[in-house]
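The residues making up each chain are set out below.
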Amino acid sequence: MTVKDYETKVTPNWCPGCGNFGLWQALKQTLVDLRADPGETVLVAGIGCHGHMNNFTKISSFEGLHGRPIPIAVGIKLANHRLQVIVSTGDGDCLGEGGNHFVHACRRNHDLVVLIHNNSSYSLTTGQASPTSSLGYQSKSTPEGKKVEALDPALLALASGATFVSRGFSGDVPHLQEILKAAIKHRGLAVVEVLQPCVVFNKDQTFDYYRQRIKKLARPYLKRGGAIRACLAKNGRIPIGIFYQQKKPSFESRLDQIRKKPLVRQSLRNFDWDKLTGEFY
Ligand SMILES: Cc1ncc(C[n+]2csc(CCOP(=O)(O)OP(=O)(O)O)c2C)c(N)n1
Ligand code: SF4
């Protein structure tokens, strides 16, 4: 397989220079490196500029409602836990409308990758402030500047119980690729926050802004305390890398019902629907 094999015939409609291009490149290259089977790998997106990626990527995919890709991905994983399921979500999608799903998916340690395209903006709807926009961020919804501090997705993931937490930058594709590869191989909830500049609406968090501030972390922490300290921005520097990785049973691995085979492979022939529903009459 080559990068081209993971591309559909649809030409990307992202704006020229959009940070989504680097993220997409890293994802395709990672799929090549891992020889990912397009039929067994599923990309689930919400609604936003990030969600367009599904149209350009030739693997199984589903684009759901804004804020809801995580519950859809959980459903797919429960139906067939042998599939590799990757959630592609925006900072608005994942942390605004879908914030509760994110917290509980981390806590339950579902075996999913959650790839957050963090451009600190609701870009598809023309750049309103999102939960990750910084204090003072000016937009159509915050003309006098945002009055609330930004949410840190990696910090929230660590506090919520995710077993793999990382942050990459779409301007550094090889580094992001390393993170993605480790996240896909991880068994449990793997969060990859990607700093992804929106070159049209976010004039604060630009490629240059990140290039001047990012600092690479040498290796993951095995304890959450160290990882939390490592992921916090300090002295104006923004850390990137894998902050935390821990082995812990995933939610799916704890279910006796799917231990032998996935739900979709189980027969309905001996299933007594009347007996089951009869208990509730
Ligand atoms: C249930 C619902 N609420 C709101 C919207 C409107 N809406 C569509 S995309 C979007 C913002 C997307 O922002 P983000 O998730 O950060 O993605 P980006 O466009 O920045 O990639 C909003 C609010 C919608 N389509 N559906
Ligand atoms: S509006 Fe921003 S995030 Fe959306 S495609 Fe254009 S540059 Fe990318």
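Cut-offs applied
Here the residue numbering is sequential within each chain, running from 1 through the sequence in written order. All chains are assigned letters beginning at A, and all ligands numbers beginning at 1, according to the order in which they are written. With pLDDT at 70 or above as the cut-off, local features in this predicted model cover only qualifying residues; side-chain atom pairs require 80 or more to be listed or tallied, and sums for whole chains, interfaces and linings still use all residues. Only hydrogens and water are set aside when side-chain values are computed; all heavy atoms of the structure are taken into account. Between any two strands, at least two bridges found by DSSP are needed for them to pair. Runs of E in the DSSP output that reach at least two residues are strands. Runs of H or I that reach at least four are helices, and both are numbered from the N terminus. Between N-to-C directions, angles span 0 to 180 degrees; the directions come from axes that are lines fitted to C-alpha atoms, helices contributing only their stretch in contact. Only heavy atoms enter the contact rule, under which two residues are in contact if any of them lie within 4.5 Å. Salt bridges are identified by distance alone: a Lys or Arg side-chain nitrogen within 4 Å of an Asp or Glu carboxyl oxygen. Partly exposed residues are those whose accessible area sits between 20% and 50% of the maximum for their type, while under 20% is buried and over 50% is exposed, using a 1.4 Å probe and protein chains only. By convention in these notes, a residue is near a molecule or strand provided one of its non-hydrogen atoms lies within 4 Å of it. A 3.5 Å cut-off defines polar contacts: any pair of N or O atoms within that distance qualifies, except that in protein one atom must be a possible hydrogen donor and the other a possible acceptor, and neighbouring residues in sequence count only when both atoms are side-chain atoms. Residue exposure ignores everything except the shown protein chains as possible cover, and the areas themselves are Shrake-Rupley values with a 1.4 Å probe. In the cavity and pocket records, a cavity denotes points on a 1 Å grid over the protein atoms alone where a 1.4 Å probe fits but cannot get out, a pocket denotes an open set with protein on both sides within 12 Å along at least 5 of 7 lines, and lining residues are residues with an atom within 4 Å of a point. Grid points are joined across faces, edges and corners, and a volume is the space filled by probe spheres set on the points. We call a set of buried residues a nonpolar core when its members are Ala, Val, Leu, Ile, Met, Phe, Trp, Tyr or Cys and they connect through side-chain atoms within 4.5 Å of each other. Nonpolar residues are Ala, Val, Leu, Ile, Met, Phe, Trp, Tyr, Cys and Pro. Charged residues are Asp, Glu, Lys and Arg, and all others, Gly as well, are polar.

1. Overview of the sheet that holds strand 1 (residues 41–45)
Here comes step 1: With mixed pairing, eight strands are arranged side by side in an open sheet as 2-1-3-4-6-5-8-7. The open sheet has two edge strands, strand 2 (60–63) and strand 7 (214–216), and neither has a second partner. Strand-to-strand, the axes of this sheet are offset by a mean angle of 20°, without reference to chain direction.
Here comes step 2: Pairing between strand 7 and strand 8 (residues 238–245): three bridges, direction parallel. Counted as the bridge partner of Lys215 is Pro239 from strand 8.
Here comes step 3: The strands touched by helix 7 (residues 173–185) are strand 3 (84–90), strand 4 (113–118), strand 5 (164–169), strand 6 (190–195), strand 7 and strand 8; relative to strand 5, the strand with the most contacts, the crossing angle is about 160°.

2. Some thoughts on unusual backbone geometry
Here comes step 1: Located in the positive-phi region is Arg35, a residue other than glycine, with phi close to 50°.
Here comes step 2: You can see Arg35 is positioned in the loop between helix 1 (20–33) and strand 1.
Here comes step 3: In this structure, Ser120 is a non-glycine residue whose phi angle is positive, near 50°.
Here comes step 4: Mapped onto the elements, Ser120 comes out in the loop between strand 4 and helix 6 (153–160).

3. Notes on the pattern of salt bridges
Here comes step 1: What the rule picks out here adds up to nine salt bridges.
Here comes step 2: Across the pair Asp111 and Lys77 runs a salt bridge, and its minimum N-O distance is 3.4 Å. Taken together, the residues Asp111 in the loop between helix 5 (99–108) and strand 4 and Lys77 in helix 3 (residues 69–79) connect sequence positions 34 residues apart. Each member of the pair, Asp111 as well as Lys77, carries the same accessibility label: buried.
Here comes step 3: Residue Asp152 is joined to Arg167 by a salt bridge in which the shortest nitrogen-to-oxygen separation is 3.1 Å. Note that Asp152 is positioned in the loop between strand 4 and helix 6 and Arg167 in strand 5, a separation of 15 residues in sequence.
Here comes step 4: Overall, Arg167 belongs to the buried group, its relative accessible area being 3%.
Here comes step 5: A single network of salt bridges, built from pairs that share partners, joins Lys4, Glu7 and Lys28.

4. Quick notes on the site of ligand 1
Here comes step 1: Taken together, 16 residues form the shell around ligand 1, and within it Cys49, Gly92, Asp93, Ser121 and Leu124 come nearest.
Here comes step 2: Between ligand 1 and Leu124, the relevant distance is 2.9 Å, taken from an oxygen atom to a main-chain nitrogen or oxygen of the residue.
Here comes step 3: In the complex, 74% of the free accessible area of ligand 1, which totals 590 Å², lies under the protein chains.
Here comes step 4: Take the shell around ligand 1: its biggest share by element is four residues, from helix 4 (residues 91–97).

5. Remarks on the layout of surface pockets
Here comes step 1: If you add up the space inside the largest pocket, you get close to 450 Å³.
Here comes step 2: Along its surface, the largest pocket is lined by 21 residues, and Thr132, Ala150, Leu151, Gln205 and Ile238 are the ones closest to its centre.
Here comes step 3: Listing elements by their share of the lining of the largest pocket, those giving two or more residues are strand 6, helix 8 (207–213) and strand 8.

6. Digging into the nonpolar core
Here comes step 1: Leu27, Met53, Ile86, Val113, Leu115, Leu180 and Val192 are the most contacted members of the largest nonpolar core, which totals 29 residues.
Here comes step 2: Breaking this core down by element, the ones donating at least two residues are helix 1, helix 2 (53–56), strand 4, helix 7 and strand 6.
Here comes step 3: Other than its neighbours up to four places away in sequence, Leu115 contacts Leu23, Met53, Ile86, Val87, Ser88, Thr89, Leu180, Val192 and Val194.
Here comes step 4: With 28 residues, the next largest nonpolar core counts Val114, Ala162, Phe243 and Tyr244 among its residues.

7. Focus on the site of ligand 2
Here comes step 1: Every residue near ligand 2 is listed here: Trp14, Cys15, Cys18, Cys49, Asn119, Ser123, Gln196, Cys198, Val199, Val200 and Phe201.
Here comes step 2: When its residues are assigned to classes, the shell around ligand 2 shows eight nonpolar, three polar and no charged.

8. Topic: the environment of Cys94
Here comes step 1: Among the structural elements, Cys94 can be located in helix 4.
Here comes step 2: Residues Cys94 and Leu115 lie 21 residues apart in sequence; the distance between their C-alpha atoms is 9.5 Å.
Here comes step 3: Aside from chain neighbours lying at most four places away, what touches Cys94 is Ile70, Thr89, Gly99, Phe102, Val114 and Ile116.

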